[in-house]
Amino acid sequence: MGVEAHATNERATGRTWTVRLDPVGRGRADVRVSCSRPACAAQVLPSAAVGRTAAVEHLKAHLRAGPAPRPSAYCACRAEECHTHIRPAGPRERPAPWRCGGAVVLAVVTDREGRWWRVMECCSRCAAAHPTAKIAATAPAPDRTAPADAFRAAAAAVPTVPAAGPHFSHTASGAAAPHEVPAPRSERPPRPPRPTRQRARRGRIAQRFVPHELRPVALRDELTELGELFRAYQQRAEPDLAMLADLHARKAKAFRDWAEVTADTGLRLDAERAEQAAATARLQHLHRSGQAPEGDGPAVTRLLTASAQWNHARAVLTHVADHSPLPGPEARLLVVMLTLRTAQSGVGNLVGQDLKGLPLPDPEHLVGQLVECGWLDIAGTVDELIASRPENPTRIGVPSLTPDESDPGPFTFGRKMRPKLSGWAQGVVGEKKLRKAKTSADARLLALALATGVSLDGQLGPEGEGLPLEALASWCAVTPAELLELVDRLTATDWLTEVAVTDTVLTGRLTERVLPLSCPLT
């Protein structure tokens with residue numbers, strides 16, 4: 001019995017390694033192939049198909065060059081306490097853990113989507129429990145016959161019992177131990193309590209089991225505690241983004257240390273993803289709590305909240321500046337609003353109030369000109385469009401914005417983004433003080449241009465460098481001299497402050513009042 005227990009303790013844990021296929025970045029076609037073996041460096045390949053082929057060839061090369069499975073290896077699945085091997089319980093039975101057995105094999109397990117391949121040195125019963133496992137090699141059956149010398153040594157180690165009775169080491173060599181009557185139970189001293197054996201904590205985090213033999217112990221305990229904290233966070237009734245950001249930051253550090261100890265590339269990639277998740281959660285917390293990204297001031301609650309939306313707004317204004325069918329600021333302002341109504345599919349709905357709310361002296365004439373030049377299609381006549389009401393809107397279409405198989409259109413945003421951009425433009429053009437001051441179309445075009453050309457704190461131009469006068473005048477369809485008058489109007493309506501004009505550049509900043517309408521340059 002002692003020989004068998006010693007042999008079990010000497011068994012080595014089964015080998016295991018993983019080849020992964022991960023995307024390099026969001027929106028990119030190239031992929032990264034990584035292997036958890038220490039000597040294997042990650043490689044970037046142009047497509048998922050090429051990466052999958054390279055990953056399979058890399059795995060086959062390991063299987064060809066690596067040693068065969070060892071007959072005496074301890075099952076890798078059992079060492080990691082794999083929950084795949086828990087037999088489902090029936091109505092009257094309790095779940096029982098899987099029992100290892102059979103020959104030791106090298107099993108290749110993969111996911112259904114072909115994103116990772118894992119090689120395990122495990123028993124054949126564990127391999128059979130995995131639905132996708134394929135056996136690459138099988139170890140020969142171990143030799144159960146012990147040499148005769150080993151049996152003789154084991155027999156020599158068994159002490160012989162003399163005929164006179166047991167012989168203890170504390171008694172005289174030739175005398176038998178005297179027979180003593182034990183003391184009554186009430187007079188015996190109380191026995192010391194038996195020490196309780198504490199089982200090691202079984203850690204699990206991010207679908208990974210923390211090995212009991214992981215060292216240093218502080219790292220193992222940190223990973224175990226983080227797994228428990230993440231599971232406790234998932235049970236919360238309300239989210240706490242600050243707490244979640246701290247958890248992700250701790251996870252990133254712990255996984256980085258774990259990767260250094262085990263040389264596992266997959267752990268290093270998980271650490272990078274945890275860092276990104278921490279930064280995202282922290283930024284969301286700052287936005288929700290009304291703080292600036294730097295944490296030193298109040299945040300601006302903007303009508304458009306993300307940099308992608310700001311870029312889409314600038315893309316629409318640039319497209320209109322390059323493809324406006326008619327001259328003049330009134331026509332350009334109308335084209336901006338109609339473009340935002342039809343940007344995604346080339347068609348949209350319009351009512352008379354949408355046109356009457358714009359600072360246009362003769363909207364019927366402008367709409368008629370757009371129809372005559374072929375830029376705009378309307379269902380019915382111009383008079384019917386002007387008279388239409390919200391309960392019976394008029395269908396309009398812009399052929400140049402209608403996508404087809406050969407031309408997807410000039411814009412890349414979807415259906416949900418279009419009304420956000422249209423509402424933002426309506427908010428700028430119909431801003432309360434601009435409307436009360438009865439500012440003209442060119443002043444409102446300038447307000448649109450300034451709203452999309454500021455830094456995060458409202459300074460004109462990237463990092464407060466200012467905006468070119470020539471570009472602003474061209475966008476507003478006015479001369480540079482007329483542009484200075486428009487700047488004065490916006491300053492009087494509390495849109496601009498700290499204004500300074502040179503021969504080429506307009507500097508200043510938007511007032512705090514209109515910062516929510518801004519689309520910062522990032």
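Residues numbered from 1 in each chain as written. Predicted model: local features only at pLDDT ≥ 70, side-chain atom pairs only at ≥ 80, totals over all residues. Heavy atoms only, no water.

**Examining the overall build of the protein chain**
Going by this rule: The helix and strand labels rest on DSSP assignments: H or I over at least four residues marks a helix, E over at least two residues marks a strand, and numbering proceeds from the N terminus. Exposure categories follow from relative accessible area, calculated using a 1.4 Å probe and restricted to protein chains: below 20% of the type maximum is buried, above 50% is exposed, and the middle band is partly exposed. A contact between two residues is defined here by any heavy atoms of the two lying within 4.5 Å. Residue burial considers only the protein chains on display, and all accessible areas are found by Shrake-Rupley using a 1.4 Å probe.
Each helix and strand in the protein chain was counted, giving 18 helices and 14 strands. Within the span of the protein chain, comprising 522 residues, buried residues form 35% of the whole. Restricting to contacts in the protein chain with at least 6 residues of sequence separation, those with at least 24 account for 60%. Carbon and sulfur atoms make up 54% of the accessible area of the protein chain, which totals about 31400 Å².

**Some remarks on a nonpolar patch on the surface**
Put simply, the rule is: Excluding any residue in a salt bridge, patches collect residues exceeding 30% relative accessible area, merging like charges within 9 Å and nonpolar Val, Leu, Ile, Met, Phe, Trp and Tyr side chains within 5 Å. What counts as a salt bridge is simple: a side-chain nitrogen of Lys or Arg found within 4 Å of a carboxyl oxygen of Asp or Glu.
On the surface, Leu484, Val499 and Val501 cluster together to form a nonpolar patch covering roughly 200 Å² of accessible area. Positionally, Val499 belongs in strand S13 (residues 496-501). Note on Val499: relative accessible area 32%, which makes it partly exposed.

**Things to note about the sheet that holds strand S3 (residues 43-45)**
Short version of the rule: At least two bridges found by DSSP between two strands is the condition for calling them paired. Every axis in this analysis is a line fitted to C-alpha atoms, fitted for helices over the stretch in contact. Angles between the N-to-C directions lie between 0 and 180 degrees.
Read across the open sheet, the six strands follow the order S3-S2-S1-S5-S4-S6; overall the sheet is antiparallel. Where the open sheet ends on each side, the last strands, each with one partner, are S3 and strand S6 (134-138). In this sheet, neighbouring strand axes are inclined to one another by 20° on average, regardless of whether the strands run parallel or antiparallel. The sheet contact formed by strand S1 (residues 16-23) and strand S5 (residues 116-123) spans five bridges and is antiparallel. By the bridge assignment for S5, Thr18 is matched with Arg118. Sheet contacts for helix H2 (residues 48-65): S1, strand S2 (31-35), S3, strand S4 (104-110), S5 and S6; angle to S1, the most-contacted strand, approximately 170°.

**Let's talk about the confidence of the model for the protein chain**
The following threshold applies: Per-residue confidence from the predictor is given as pLDDT, running between 0 and 100.
Scored by pLDDT, the protein chain comes out at a mean of 81, with 79% of its residues at no less than 70. Confidence over residues 1-9 falls short of pLDDT 50; this stretch has zero contacts with residues more than four positions distant or in other chains. With pLDDT under 50 throughout, residues 153-179 is counted as low confidence; its partners more than four residues away or in other chains account for five contacts.

**What about the pattern of salt bridges?**
Throughout the structure, instances matching the rule amount to 19 salt bridges. Between Asp442 and Arg489 there is a salt bridge, with its nearest N and O atoms 4.0 Å apart. Taken together, the residues Asp442 in helix H16 (residues 441-451) and Arg489 in helix H18 (residues 480-492) connect sequence positions 47 residues apart. Residue Asp442 is classed as buried on the basis of its relative accessible area, which comes to 15%. A single network of salt bridges, built from pairs that share partners, joins Glu431, Lys433, Asp494 and Arg513.

**A short note on the nonpolar core**
Test applied: Think of a nonpolar core as a cluster: buried Ala, Val, Leu, Ile, Met, Phe, Trp, Tyr and Cys residues, connected wherever their side-chain atoms sit within 4.5 Å.
Within the largest apolar cluster, 71 residues are counted, with the highest numbers of intra-cluster contacts made by Leu334, Leu376, Trp424, Leu446, Leu448, Leu450 and Trp495. When residues of this core are assigned to their parent elements, the largest contribution, nine residues, is made by H16. Look past the residues within four positions of Leu446 in its chain and what remains in contact with it is Leu472, Cys476, Leu483, Leu486, Val487 and Leu490. Membership of the second largest hydrophobic core comes to 19 residues, among which are Leu226, Leu241, Leu244 and Ala271.

**Things to note about the environment of Gly466**
Mapped onto the fold, Gly466 is located in the loop between H16 and strand S12 (467-468). Judged by its relative accessible area of 10%, Gly466 falls in the buried class. Each C-alpha atom of the pair Gly466 and Thr504 lies 9.5 Å from the other, and the pair is 38 residues apart in sequence. Residues within four places of Gly466 in sequence aside, it is in contact with Leu460, Gly461, Val505, Leu506 and Thr507.

**Notes on the sheet that holds strand S10 (residues 377-378)**
Across the sheet, which stays open at both edges, the three strands sit in the order S9-S11-S10 with antiparallel pairing between neighbours. Only two strands of the sheet have a single partner each, and these edge strands are strand S9 (347-350) and S10. Where S10 lies against strand S11 (residues 394-397), two bridges are found, and the strand directions are antiparallel. The partner of Ile378 across the bridge, within S11, is Ile396. Strand contacts of helix H10 (residues 329-342): S9 and S11, with the helix running at about 120° to S9, the strand carrying the most contacts.

**Digging into the side chain of Thr342**
Locating Thr342 in the fold gives a position in helix H10. Residue Thr342 is classed as buried on the basis of its relative accessible area of 0%. When near neighbours in sequence (up to four residues on either side) are disregarded, Thr342 contacts Val347, Gly348, Ile396, Val398 and Leu401.

**As for the packing of H10 against helix H12 (residues 363-372)**
Pairs of packed helices are described in terms of their axes, by the angle between the two and the distance that separates them. Quick reminder of the rule: The labels follow the angle: roughly parallel below 35 degrees, roughly antiparallel above 145, roughly perpendicular from 65 to 115, and oblique for the rest. Handedness of a crossing follows from how the near helix is turned relative to the far one, being left-handed for an anticlockwise turn of less than a right angle and right-handed for a clockwise one.
Contact geometry of H10 with H12 gives a least axis separation of 11 Å together with a crossing angle of 70°. Viewed along their axes, H10 and H12 adopt a mutual orientation that is roughly perpendicular. Crossing of H10 over H12 shows right-handed handedness. Each of Glu330, Ala331, Leu334, Val335 and Leu338 in H10 lies in contact with H12, whose residues at this interface are Leu366, Val367 and Leu370.

**Quick notes on the pairing of S1**
Both S1 and S2 contribute to a ladder of five bridges, which runs antiparallel. Its bridge partner being in S2, Leu21 is matched across the sheet by Val33.

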